[in-house]
Amino acid sequence: MGLAISTFAALALSVLPASAATLDEVTERGHLQCGVDGGLPGFSAPDDEGNMAGIDADFCRALAAAIFGDATSVKYTNLTAKERFTALTSGEIDVLSRNTTDTLTRDATLGVEFTYYNYIDGQGFLVKEELGVDSAMQLSGAKVCVQAGTTTELNLADYFRVNDMEFEPVVYDTSVQTREGFDGGACDVLTSDKSQLAAIRTELTDPDSAVILPETISKEPLGPVTRQGDAQWHDIVRWTLFALINADEYGVTSENVDQMREESTNPNVRRLLGVEGTMGENLGLSNDWAYNAIKQVGNYDELYQRNVAPLGIPREGSVNALWTEGGILYAPPIR
């Protein structure tokens, strides 16, 4: 019996994910390798100078600042929806920060772990104004452009089935291809997360020719993802995001962080900025990890206002507002 139990235990251990010291690999390499979309304005896309910009890209900079004390110590890998999880689990990237929805199947079966949400979204529909459509319930029989390998594709099928409507999918690998298909007349409708629809609309040949319908047909909590098997790395990614949200709640910004570090008597702020406690050391980082991230990149609101608000999506009154301001964005305490 003892032998059988030992054999079973050995077999069980053999199928568990190996613990990889990602932090050691990253620091030895000298930069963070971050997986992004690379073609989605507001989330990750090159700016006019060719630098990756967007809320997902900025989170990677904040993570690099927390690890290295230098927000520029990051390189980006552009990934399609189909490629993203394989790139993460194979070790091609250290973290996935690519407008990716947390679902049970992904969390339980792909060898990945979701952290928290840097943008909470929902799926909608972008239509040509000339169609005269003002509700998704009028879309039966439409050709719908959709990105492959996404929850968007699955939600689309569910929505039309539940409402007993027919549609013809026109499938593309990237958001850029999907937008080009819609812009070129390959479909009547484009479906994606509503933040993506707002971004895509700005890049149409004639943005005023398309409208976003009012319906929101799904929940799309988007946030950074890590590989399973490295709890320390998962905690570093997760708590860096929590630090940016807590900084937003406490009014700590990139502009006042030095003053707050010197003058604040709030113990929450002092722990956040490394004045008290050993919060960074608990993660395997320096105690000024969150200070560096906030100083060099900003708090959550700064990331939002810099990247998402220009798409025409105000934070005020949305689910992405802080829990203290009517939204649902909420970070555990740093203590």
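Structure: above.
In what follows, the accompanying structure is described. Within any chain, residue numbers begin from 1 and follow the written order of that chain's sequence. Totals for whole chains, interfaces and linings use every residue, but because this is a predicted model, local features are given only for residues with pLDDT of at least 70 and side-chain atom pairs only at 80 or more, for both listing and counting. Values shown for side chains rest on all heavy atoms present in the structure; no hydrogens or waters enter the calculation.

### Description of the pattern of salt bridges
How we decide: Any carboxyl oxygen of Asp or Glu that lies within 4 Å of a side-chain nitrogen of Lys or Arg is treated as forming a salt bridge with it. Secondary structure counts use DSSP, requiring at least four H or I residues in a row for a helix and at least two E residues in a row for a strand, with both numbered from the N terminus. Burial classification: accessible surface area is computed with a 1.4 Å probe over protein chains only, and a residue below 20% of its type maximum counts as buried, one above 50% as exposed, and the rest as partly exposed.
Within this structure, the stated rule accounts for 13 salt bridges. The residue Arg98 makes a salt bridge to Asp37 at a minimum N-O spacing of 3.1 Å. With Arg98 in the loop between strand S5 (95-96) and helix H5 (104-109) and Asp37 in the loop between strand S1 (32-36) and strand S2 (45-46), the pair connects residues that are 61 residues apart, well separated along the chain. Note on accessibility: Arg98 and Asp37 belong to one class, buried. Salt bridges linked by common partners bring Asp58, Arg61 and Arg306 together as one network.

### What to know about the sheet that holds strand S10 (residues 167-172)
Which entries qualify depends on this criterion: Pairing between two strands is assigned when DSSP locates at least 2 bridges connecting them. Lines fitted to the C-alpha atoms define the axes, with helices restricted to the stretch that makes contact. Angles between their N-to-C directions range from 0 to 180 degrees. Residues are treated as being in contact if the distance between any of their heavy atoms lies within 4.5 Å.
Spatial ordering of the open sheet is given by S10-S9-S11-S8-S12, a layout of five strands whose pairing is mixed. Whereas interior strands pair on both sides, the edge strands pair on one side only; in this sheet they are S10 and strand S12 (210-212). Strand-to-strand twist in this sheet, taken as the mean axis angle between neighbours without regard to direction, amounts to 30 degrees. Where strand S8 (residues 123-128) meets S12, three bridges bridge the pair, whose relative direction is antiparallel. When the bridges of S12 are listed, Leu126 appears paired with Ile212. Helix-sheet contacts for helix H6 (residues 151-162) involve S8, strand S9 (142-147), S10 and strand S11 (189-193), and the interaxial angle to S8 is about 80 degrees. Against the sheet, helix H8 (residues 194-202) contacts S8, S9, S11 and S12, and its axis sits at roughly 125 degrees relative to S11.

### A few points about the packing of aromatic side chains
Quick note on the threshold: Whether two aromatic rings pair depends on their centres lying within 6.5 Å, for rings of Phe, Tyr and Trp, where Trp uses its six-membered ring; planes under 30 degrees apart make the pair stacked, over 60 edge-to-face, and the rest tilted. In this analysis the charged atom, NZ for Lys or CZ for Arg, is taken to sit over a ring once it is within 6 Å of the ring centre and within 35 degrees of the ring normal.
Within this structure, the stated rule accounts for eleven aromatic pairs. Aromatic side chains Tyr300 and Tyr304 sit 6.3 Å apart centroid to centroid with 45 degrees between the ring planes, which places their arrangement in the tilted category. Placement of both Tyr300 and Tyr304 in helix H14 (residues 300-307) is noted, with a separation of four residues, approximately one turn of the helix. Taken together, the aromatic side chains of Phe43, Tyr119, Tyr300 and Tyr304 make up a single cluster linked through ring pairs. The ring of Phe182 has Lys128 sitting right over it, with the charged end atom 4.6 Å from the ring centre. One residue, Arg261, lies across the ring of Tyr291, its end atom 4.0 Å from the ring centre.

### Some thoughts on the nonpolar core
The condition that has to hold: Buried Ala, Val, Leu, Ile, Met, Phe, Trp, Tyr and Cys residues form a nonpolar core when they are joined through side-chain atoms within 4.5 Å.
Among the nonpolar cores identified, the biggest contains 62 residues, and Leu63, Trp233, Val252, Leu272, Leu273 and Trp289 are the most heavily contacted of them. The residues contacting Leu63, other than those within four sequence positions of it, are Leu32, Val95, Trp233, Ile236, Val237 and Thr240. By size, the runner-up hydrophobic cluster in this structure holds 14 residues, among which are Phe125, Val127, Ala142 and Leu213.

### Notes on unusual backbone geometry
Phi at Asn99 takes a positive value of approximately 30 degrees, unusual for a residue other than glycine. With respect to the helices and strands, the residue Asn99 is situated in the loop between S5 and H5.

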